[in-house]
Amino acid sequence: MADQYAYSGDDKRPTEIPAIRWEEPPEGPVLVLLDQTRLPAEEVELVCTDASTLVEAIRSLAVRGAPLLGIAGAYGVALAAVRGFDVDEAATALATARPTAVNLALGVRRAHSAHEAALAKGGDVRQAASAALAAARQLHREDAEASARMAEHGVTLLDELLPGGGHRILTHCNTGSLVSGGEGTAFAVALAAHRAGRLRRLWVDETRPLLQGARLTAYEAARRGMAYTLLTDNAAGSLFAAGEVDAVLIGADRITADGSVANKVGSYPLAVLARYHHVPFIVVAPVTTVDPDTPDGASIEVEQRPGHEVTEVVAPQAPVAGAAEAGGGIPVAPLGTQAYNPAFDVTPPELVTAIVTEEGVVSPVTAEALAEVCARSRRV
Ligand code: MRU
């Protein structure tokens, strides 16, 4: 297939894409988010002064993606603490804002435990708030470091699996700087391959219904000057059949003890296609996404999203006049149509070629190998 489908790479904006930051203006500390529901049309920031605004931002996917949810959750606890809100209440609301990405509850727990530990040691509320903030900042830093190490391991793995170079990588959803303290998970590997001159093409699934691929991954790839091409999710099969995919790289929202992978809905069909076409299916995720307390895929709670996300097409710029009935998008189905809208699906370990973490690569994917790699991390 000719390269005319690749992005021409003329986006000259700065390549840094900070998805989240803590600020301390004179009016008091705030958590600033890049509102991902408005991308790519507008780069609009959302300023949170309390945990309930952040909970709403998490539910609406203004802030999203497993590692970033963990960081946001931790900062949310710190925000509640420094602004004098009920920290226990905020922690519960944040941890349960979305159910599938294990990082969210983990991030909340880290900041909450730091807060509790400071109080238990006799600290006052100000010291406890500082401890929560320090824990959030630490998680943010660790995630950036993990991202860089995953990229290194991932590129090495790609070179082993695909010695010829010129990788054509298919990815799903969005796994770059917009979901991370660093450059992301799966996307960070593709970006490292691009920088090393070994990425021929990044195939970007649009990722219905909320178009994280079209709106966010294409945005990031353009900003990074990568050769990328967007496709509808259901075009992936013909792409494999044409021999145009060398590897699939995706992230994860939760990896269970047996190596089952919950990720954006549409990941599992890619794993089945990859197996049929003898293409490596690679999952890239920090160890914070591995949940040893969830034994297997069947035990994962998969978030069910509102039907209007399917019966309407999202309108990232602004709600369309007259279409405000449900979600404010453009209706594409008869009024009253019921929709099935799971946010994630689960890929069984036997379909996963490798799980790349910052602590090393798990391949073949077994419970024992996964536990061994995670045990290398001080944080698990
Ligand atoms: O519903 P979202 O947009 O939060 O889903 C995000 C994904 O499924 C990502 O692929 C996943 O969080 C991995 S990102 C490192």
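Residues numbered from 1 in each chain as written. Predicted model: local features only at pLDDT ≥ 70, side-chain atom pairs only at ≥ 80, totals over all residues.

## Describing the overall build of the protein chain
Here's step 1: The secondary structure content of the protein chain amounts to eleven helices and 16 strands.
Here's step 2: Its C-alpha atoms put the protein chain at 65 × 55 × 40 Å along the principal axes.
Here's step 3: Out of the 380 residues in the protein chain, the part that is buried amounts to 51%.
Here's step 4: The long-range fraction of contacts in the protein chain, counting pairs at least 24 apart against all pairs at least 6 apart in sequence, stands at 73%. (Helix = DSSP H or I, 4+ residues; strand = E, 2+ residues; numbered from the N terminus. Buried ≥ 20, exposed ≤ 12 C-beta atoms within 10 Å, placed from the backbone. Contact = placed C-beta atoms within 7 Å.)

## Some details on the UniProt feature "site: Transition state stabilizer" (unreviewed entry) in the protein chain
Here's step 1: Per the UniProt record, "site: Transition state stabilizer" (unreviewed entry) is found at Cys-173.
Here's step 2: Of note, Cys-173 is situated in the loop between strand 4 (167-171) and helix 6 (186-195).
Here's step 3: Overall, the presence of 28 C-beta atoms within 10 Å leaves Cys-173 in the buried class.
Here's step 4: Beyond its immediate sequence surroundings of up to four residues, Cys-173 is in contact with Thr-207, Gln-212, Gly-213, Gly-251, Asn-263 and Lys-264. (UniProt positions renumbered as here; feature names shortened; annotations may be inferred.)

## With respect to the pairing of strand 7 (residues 247-250)
Here's step 1: Residues Ala-247 and Leu-249 of strand 7 are buried on one face, and the alternating residues Val-248 and Ile-250, pointing to the opposite face, are buried as well.
Here's step 2: Pairing of strand 4 with strand 7 involves three bridges; the strand directions are parallel. What sits directly across from Thr-171, in strand 7, is Leu-249.
Here's step 3: Where strand 7 lies against strand 10 (residues 281-284), three bridges are found, and the strand directions are parallel. Within strand 10, the residue paired with Ile-250 across the bridge is Val-283. (Pairing = 2+ DSSP bridges.)

## Section: the site of the ligand
Here's step 1: Lining the immediate surroundings of the ligand are 17 residues, of which Arg-64, Ala-66, Cys-173, Gly-251 and Lys-264 lie closest.
Here's step 2: Mapped onto the shell around the ligand, the elements with two or more residues apiece are helix 2 (66-82) and strand 9 (261-264).
Here's step 3: Here the shell around the ligand is composed, by residue class, of eight nonpolar, six polar and three charged. (Near = placed C-beta within 6 Å. Nonpolar A, V, L, I, M, F, W, Y, C, P; charged D, E, K, R; others polar.)

## Description of unusual backbone geometry
Here's step 1: The residue after Arg-208, namely Pro-209, is reached through a cis peptide bond having omega 5 degrees.
Here's step 2: For Pro-209, the location among the structural elements is in the loop between strand 5 (199-205) and helix 7 (212-223).
Here's step 3: Pro-364 follows Ser-363 through a cis peptide bond whose omega is 0 degrees.
Here's step 4: Within the secondary structure, Pro-364 sits in the loop between strand 16 (360-362) and helix 11 (367-375).
Here's step 5: The residue Leu-211 is not glycine, and still its phi comes out positive at about 60 degrees.
Here's step 6: Here Leu-211 is to be found in the loop between strand 5 and helix 7.
Here's step 7: At His-278, a position not held by glycine, the phi torsion is positive, near 55 degrees.
Here's step 8: Tracing the backbone shows His-278 in the loop between helix 9 (267-276) and strand 10.
Here's step 9: Under the C-beta neighbour-count criterion, His-278 is labelled exposed, with 7 such atoms within 10 Å.

## Here's the deal with the environment of Pro-67
Here's step 1: Mapping Pro-67 onto the fold places it in helix 2.
Here's step 2: When the 33 C-beta atoms within 10 Å are taken as the criterion, Pro-67 is described as buried.
Here's step 3: Between the C-alpha atoms of Pro-67 and Pro-286, which are 219 residues apart in sequence, the distance is 7.8 Å.
Here's step 4: The contact partners of Pro-67, leaving out residues within four places of it in the chain, are Asn-103, Asp-143, Val-179, Ser-180, Gly-181, Thr-185, Pro-286 and Thr-288.

## Here we look at the packing of helix 1 (residues 51-59) against helix 2
Here's step 1: The N-to-C vectors of helix 1 and helix 2 enclose an angle of 165 degrees; their axes lie 9 Å apart at closest approach. Here helix 1 lies roughly antiparallel to helix 2, going by the angle between them. Relative to helix 2, helix 1 is oriented so that their crossing is left-handed. Residue-level inspection shows Ala-51, Leu-54 and Ile-58 of helix 1 in contact with helix 2, the latter providing Leu-69, Ala-72, Gly-76, Leu-79 and Ala-80.
Here's step 2: When the residues that make up the contact of helix 1 with helix 2 are grouped by side-chain class, the tally is seven nonpolar, one polar and no charged. (Axes fitted to C-alpha atoms, helices over the stretch in contact; angles between N-to-C directions. Parallel < 35°, antiparallel > 145°, perpendicular 65-115°, else oblique. Left-handed = near helix turned anticlockwise from the far one by under 90°.)

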